Amino acid sequence: MTAPTASPPTPSEPPAAASPSRRPPLVDLVRRSDWRAYVIYIAFVLVFLFFSVLLHGSGFLSGNNLLNIFRQTATISVMAVAMTFVIAAAEIDLSVGAVAGLASVVTAMSIKDSGPVAGVLAGLALGLAVGVLNGGLVTLLGIPSFLVTLGMLGIASGVAMWITSSAPQPILNDAFNNIFGSGTVAGLPVLLVWTVVFVAVGAVVLTKTGFGRRVLATGGNRVAAEFTGINTRRVKFTVLVVSSVVASVAGMLYAGRLQSGRFQWGAGDELSVIAAVILGGTSLFGGSGAVIGSLFGSLLMGLINNGLILAGLDVSQQQVVRGVIIILAVAVARRR
Amino acid sequence: MTGVAEDTGYAVRMRGVHKAFNGVPVLHGVDFELRRGEVHALLGENGAGKSTLMKILQGVYSLDSGEIVVDGQAVRLTSTHDARAAGIGMVFQEFSLVPTLSVAKNIFLGREPRHRGGLLDDGESVRRARQLFAHMGAELDPRAAVGSLSTAYWQLTEIAKALAQDARVLIMDEPTASLAKHEVEALFALVGRLKAAGISIIYISHRMEEVYRVADRVTVLRDGRRVIAAPLSEVSPAQLIEHIIGRQMEHALVWHERAVDRSGTPILELRHVSAGPRVRDVSLTVHRGEILGLAGLMGSGRTELARCLFGIDRVRSGQVLVNGRQVQLTSPRAAIAAGLALIPEDRRAQGLVLDHSVRDNLLLPLLPGLRRGPLLDDRRGGRTARSLIEQLRIRVANPSRPVRLLSGGNQQKVVIAKWLATDPTVLVMDEPTVGVDVGTKSEIVSTIRELADQGRAIIVISSELPELLAVSDRIVVLRAGAVDRELDRRDIPDEEHLQMAIQGV
């Protein structure tokens, strides 16, 4: 077949734009548009350089401060990995922050009663239960995930306040606090290790396994995925379950770092997590996802917080600046 | 899949296929045979049962009775998965690809090649996709995201996807409808190669000349029955058209000759208008009280012409005159201001807010005029809505019922009424009777006549020739975006004649 050598007209592209290039016509097109996928890295480098210059005397570049950024963003980064799958499958999970908070108190209370192993298992079981509920309501009853998880946000944070009477639950078990918070592995903070493990596993699963491909297909065109023989309901169910389980792990990371379970841990995190994922280049409409991008989205927000604190801005100003940067980054990365 | 082997030269044999929807029979015992390695054209008017028959073969619908034999094996196709397993590939128009994934990933979706450890081997997918395209003689980068490609490449990807699944039967439904000319040639070359490789192809098209170029044999369906199956060398285009249409004109649609005064300034005049990707150098006039029919094959530029008249596609060159004054149709608002109204093809998606009430839909274009101070005048709105409902005889008990509860015909009347409310001088209707039963069809036809009698100029676009013949005073035939010929209705003796004109035979 004498296939067209010039790119054929598409609705958005007038025929005049075709060029008789020897290269496959689309290579050019992809090259031209793909830089947008790297906006997060460009933004990360720019912000990093900006603070390096601005704050060179304030210890911004010290190893300890940089590791601190990892420590502070670990919970967001870990949840963002799972949220990448949820959003790539064209769903949303607004309950992650509240589930993390609930998991932190459930874990803390179980540790006090029955020891650290039981505590971890209780936290994971809670995440699993919430995830099955979320996933079941979305896939079996067909309720939009936005509504199901919005309701679950209220339920989970309400339960966390209720069972603790809003009181912090201290964790006195050093092993737990080390593994999930303040410990180190080969000189690296354990929270950094957790982040790296989750990101590595998430990145491989999304790009290199059949499950990851099914997630992307489900989010990209559900009908096509169904016609290809993919059980899209199972895909959606699975990503929602995984998201809740991972949120419960994040809750334990909060508990370990802060040596207590408390209903406020994770409150409002869902917005930071979603912002990290979208900043990282995952399409809010589903069908594409970038786990490493999500990590950098999370790190970028941590970087901004950290830099602004060192620069002496207070919390209210930090929020404004962070909001502006998020909107700017997404506006620049937006595809026409 | 179950069954006993049976020697035949047939890739697919369907026998005595019956299918009814909600008790309404659509297929009355249809037989269909596809020989190995042939291109078989499947023809028939809209609603003749072609797509139902093909959906049964694809496992989308199950048959009520009858049998399907694929490669000598009797099969039961209860899902698309069964059909694929039986070697039947489908080239859907649009919805079987994931736009965000690359060509290679789409081709192997669900059956990805893997490394020994179980991880996906995308490099291998790309290599195999390259081989497939080389085999097909097509040039396409397997790493490009499908969403960034044009229709021609989507089709290639779909064909490659089917071939990668070892499909031995391909169903192509109007494959050339959205292709440019050189792409059509490329597609025909590909069809030839596939045939040579022993693949059997069912080719659905309304274009006679294409059918004669690519197909070996033909089956014509009419009203859910097979009326002929023969080698194309044994039937002439005129005979085929006769089979497609049938002799009996049992339609309730009758043409009435209407007196149209064409002496004054035309209400709408197009002078050498080119617009969008398809419309090329179109000149036409519509006079006061006249109904102009626009005929042409799918992709001939009919809908695109309507879009440009409504300011959706920009006019590139040429002039549009309303009542002798030139107008700039830069947006739908500008078009409305110039006195034009478009009743779009897809009423559910483009014409109505389905969950809103009949009343709210009717009043939508009128809102600015219904204000009293900053608020809406509810009582005046209610009166206006009731008078429109009466005028068009819309059957609805209560104007505050949601539009989605109305029948297709009544929904269409709401769309028409909605635009009448703006009192347009030119009304463009794109497929006004799609999905409407025969009774409502003739009501819509008489509504169109009444609207013309009130002094409006009306353009009706339709693929249904009986309707077009019933309603039009003149018919303009479009072909490849340009006016091919202009016919006075009095000079068209019958549907066959018009069909020939459209086919350019």
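Predicted model only: the values in this text are computed from it and were never measured.

On to the overall build of chain A, then. Check the secondary structure of chain A and you find 14 helices and four strands. Evaluated residue by residue, chain A yields a buried proportion of 49% over its 336 residues. Sequence separation of at least 24 residues holds for 72% of the intrachain contacts in chain A that already meet a minimum separation of 6. Accessible surface, chain A: about 15000 Å² in total, of which carbon and sulfur atoms supply 68%.

Summing up its helical and strand segments, chain B has 17 helices and 22 strands in all. Against the compact-globule benchmark of 23 Å for 505 residues, chain B has a radius of gyration of 25 Å, which places it among compact chains. Seen through its principal axes, chain B has C-alpha atoms that stretch 75 × 55 × 45 Å. Looking at chain B as a whole, 54% of its 505 residues qualify as buried. Taking contacts inside chain B between residues at least 6 apart in sequence as the whole, the part at least 24 apart equals 68%. For chain B, the exposed surface amounts to about 21500 Å²; the carbon and sulfur share of it is 48%. For chain B, the centre of its 64 positive side-chain charges and the centre of its 61 negative side-chain charges are spaced 5 Å apart.

As a further point, take the pairing of strand S8 (residues 200-204) of chain B. All names here are of chain B. The element S8 is largely enclosed, with a buried count of five among its five residues. Residues Ser200, Ile202 and Ile204 of S8 are buried on one face, and the alternating residues Ile201 and Tyr203, pointing to the opposite face, are buried as well. Here four bridges tie strand S3 (residues 39-43) to S8, and the two strands are oriented parallel to one another. Within S8, the position partnered with Ala41 by the bridge is Tyr203.

This part is about the pairing of strand S12 (residues 279-286) of chain B. Residue and element names in this part refer to chain B. Where strand S11 (residues 268-275) lies against S12, five bridges are found, and the strand directions are antiparallel. Looking at the pairing, Glu269 lines up with Thr285 of S12. Here S11 folds back onto S12, and the loop between the two strands holds three residues, one of which, Gly276, carries a positive phi near 55 degrees.

Glancing now at the packing of aromatic side chains. All names here are of chain A. Enumeration over the complete set of coordinates arrives at 11 aromatic pairs over all chains. Relative to Phe60, the ring of Phe51 has its centre 5.7 Å away and its plane inclined at 55 degrees; by these criteria the two rings are tilted. The burial state of Phe51 is the same as that of Phe60; both residues are buried. Here Phe85 and Phe211 contribute two aromatic rings whose centre-to-centre distance is 6.3 Å and whose plane-to-plane angle is 20 degrees, an arrangement assigned as stacked. Remark: Phe211 occurs in helix H9 (residues 210-220) and Phe85 occurs in helix H3 (residues 63-88); sequence separation between them is 126 residues. An aromatic cluster is present here, built from Tyr41, Phe44, Phe48, Phe50, Phe51, Phe60 and Phe296 joined pairwise through their rings.

Below, the discussion takes up the sheet that holds strand S15 (residues 325-327) of chain B. Note on sheets: strands pair through backbone hydrogen bonds, and any given pair is parallel or antiparallel. Residue and element names in this part refer to chain B. Across the sheet, four strands lie side by side as S12-S11-S14-S15; this open sheet has antiparallel pairing. Either end of the sheet is taken by a strand with one partner, and the two such strands are S12 and S15. The mean inter-strand angle of the sheet, taken between neighbouring strand axes irrespective of direction, is 15 degrees. In this sheet, S15 lies alongside strand S14 (residues 315-322) in antiparallel orientation, the contact comprising three bridges. Bridge pairing in S15 places Val322 opposite Arg325. Those strands touched by helix H9 (residues 302-309) are S11, S12 and S14, and its axis lies near 110 degrees from that of S11.

Turning to the pattern of salt bridges, a few remarks are in order. Residue and element names in this part refer to chain B. Applying the stated criterion across every chain, the model contains 31 salt bridges over all chains. The shortest N-O distance in the salt bridge between Glu304 and Arg278 comes to 3.0 Å. Separated by 26 residues along the polypeptide, Glu304 in helix H9 and Arg278 in the loop between S11 and S12 bring together distant segments of the chain. Owing to a relative accessible area of 17%, Glu304 belongs among the buried residues under this scheme. Judged by its relative accessible area of 23%, Arg278 is partly exposed.

Right, let's talk about the sheet that holds strand S16 (residues 340-343) of chain B for a bit. Residues and elements named next belong to chain B. Across the sheet, which stays open at both edges, the six strands sit in the order S16-S19-S20-S13-S21-S22 with mixed pairing between neighbours. Two strands bound the open sheet, and with one partner strand each, they are S16 and strand S22 (482-488). Going across the sheet, the axis of each strand differs from the next one's by a mean of 20 degrees, ignoring polarity. As paired strands, strand S19 (residues 426-430) and strand S20 (residues 457-461) are joined by five bridges and run parallel to one another. The residue of S20 that forms the bridge with Val426 is Ala457. Running at roughly 170 degrees to S16, helix H14 (residues 408-420) makes contact with S16 and S19 of the sheet.

Glancing now at the confidence of the model for chain A. Here chain A averages 87 in pLDDT, while 88% of its residues score no lower than 70. Counting interchain partners and residues more than four positions distant, the pLDDT-below-50 stretch residues 1-22 of chain A has 37 contacts.

Okay, the packing of helix H4 (residues 96-114) of chain A against helix H11 (residues 232-258) of chain A next. Residues and elements named next belong to chain A. H11 packs onto H4 with a crossing angle of 55 degrees between their chain directions and a minimal axis gap of 7 Å. Classified by the angle their axes make, H4 and H11 are oblique. Crossing handedness for the pair H4 and H11: right-handed. Residues Val96, Val99, Ala100, Ala103, Ser104 and Thr107 of H4 lie in contact with H11, whose contacting residues are Ser243, Ser244, Ala247, Ser248, Ala250, Gly251, Met252 and Ala255. Across the contact of H4 with H11, the residue classes tally to eight nonpolar, six polar and no charged.

This next bit is on the nonpolar core. Ranked by internal contacts, the top residues of the largest apolar core, which has 85 residues, are Met83, Phe176 and Leu300 of chain A. If one sorts the elements of this core by residue count, H3 of chain A sits on top with 13 residues. Once residues lying within four places of it in the same chain are set aside, the contact partners of Phe176 of chain A are Thr107, Ile111, Pro116, Val120, Ile171, Gly181, Met252, Ala255 and Gly256 of chain A. Counting residues in each nonpolar core, the second largest holds 75 residues, with Leu362, Leu465, Val471 and Leu498 of chain B among its members.

Let's shift gears to H3 of chain A. The sharpest bend along H3 of chain A reaches about 55 degrees and sits at Thr73 of chain A. Trailing H3 of chain A by a residue or two, Ala90 of chain A shows a phi angle of about 65 degrees, which is positive.

Moving on, we come to unusual backbone geometry. Residue and element names in this part refer to chain A. With a phi angle near 65 degrees, Ala90 is a residue other than glycine that sits in the positive phi range. Within the fold, Ala90 resides in the loop between H3 and H4. Positive phi is not limited to glycine here, since Gln259 has a value of about 55 degrees. By secondary structure assignment, the location of Gln259 is in the loop between H11 and strand S4 (260-261).

All right, on to the packing of H3 of chain A against helix H8 (residues 190-208) of chain A then. Residues and elements named next belong to chain A. For the pair H3 and H8, interaxial distance at closest approach is 8 Å and the crossing angle is 25 degrees. Overall, the two elements H3 and H8 adopt an arrangement that is roughly parallel. Crossing hand, H3 versus H8: left-handed. Side by side, H3 and H8 meet where Leu67, Phe70, Arg71, Ala74, Ser77, Val78, Val81, Thr84 and Phe85 of the first sit next to Leu191, Leu192, Trp194, Thr195, Phe198, Val199, Gly202, Val205 and Leu206 of the second.

Along the chain, Glu467 of chain B falls in helix H16 (residues 465-471). The contacts of Glu467 of chain B, once residues within four sequence positions are left out, are Leu253, Pro432, Thr433, Lys441 and Ser462 of chain B.

Definitions and limits used
Residues numbered from 1 in each chain as written. Chains lettered and ligands numbered in written order. Predicted model: local features only at pLDDT ≥ 70, side-chain atom pairs only at ≥ 80, totals over all residues. Heavy atoms only, no water. Helix = DSSP H or I, 4+ residues; strand = E, 2+ residues; numbered from the N terminus. Buried < 20%, exposed > 50% of the residue type's maximum accessible area, 1.4 Å probe, protein only. Contact = heavy atoms within 4.5 Å. Areas by Shrake-Rupley, 256 points an atom, 1.4 Å probe, with all protein chains shown as cover. Rg over C-alpha atoms; globule rule 2.2 N^0.38 Å. Lys, Arg positive; Asp, Glu negative; His and termini not counted. Charge placed at Lys NZ, Arg CZ, Asp CG, Glu CD. Pairing = 2+ DSSP bridges. Phe/Tyr/Trp six-rings, centres within 6.5 Å; stacked < 30°, edge-to-face > 60°. Axes fitted to C-alpha atoms, helices over the stretch in contact; angles between N-to-C directions. Salt bridge = Lys/Arg side-chain N within 4 Å of Asp/Glu carboxyl O. pLDDT = per-residue confidence, 0-100. Parallel < 35°, antiparallel > 145°, perpendicular 65-115°, else oblique. Left-handed = near helix turned anticlockwise from the far one by under 90°. Nonpolar A, V, L, I, M, F, W, Y, C, P; charged D, E, K, R; others polar. Core = buried A, V, L, I, M, F, W, Y, C linked by side-chain atoms within 4.5 Å. Bend = angle between axes of the 7 residues up to and from the residue.

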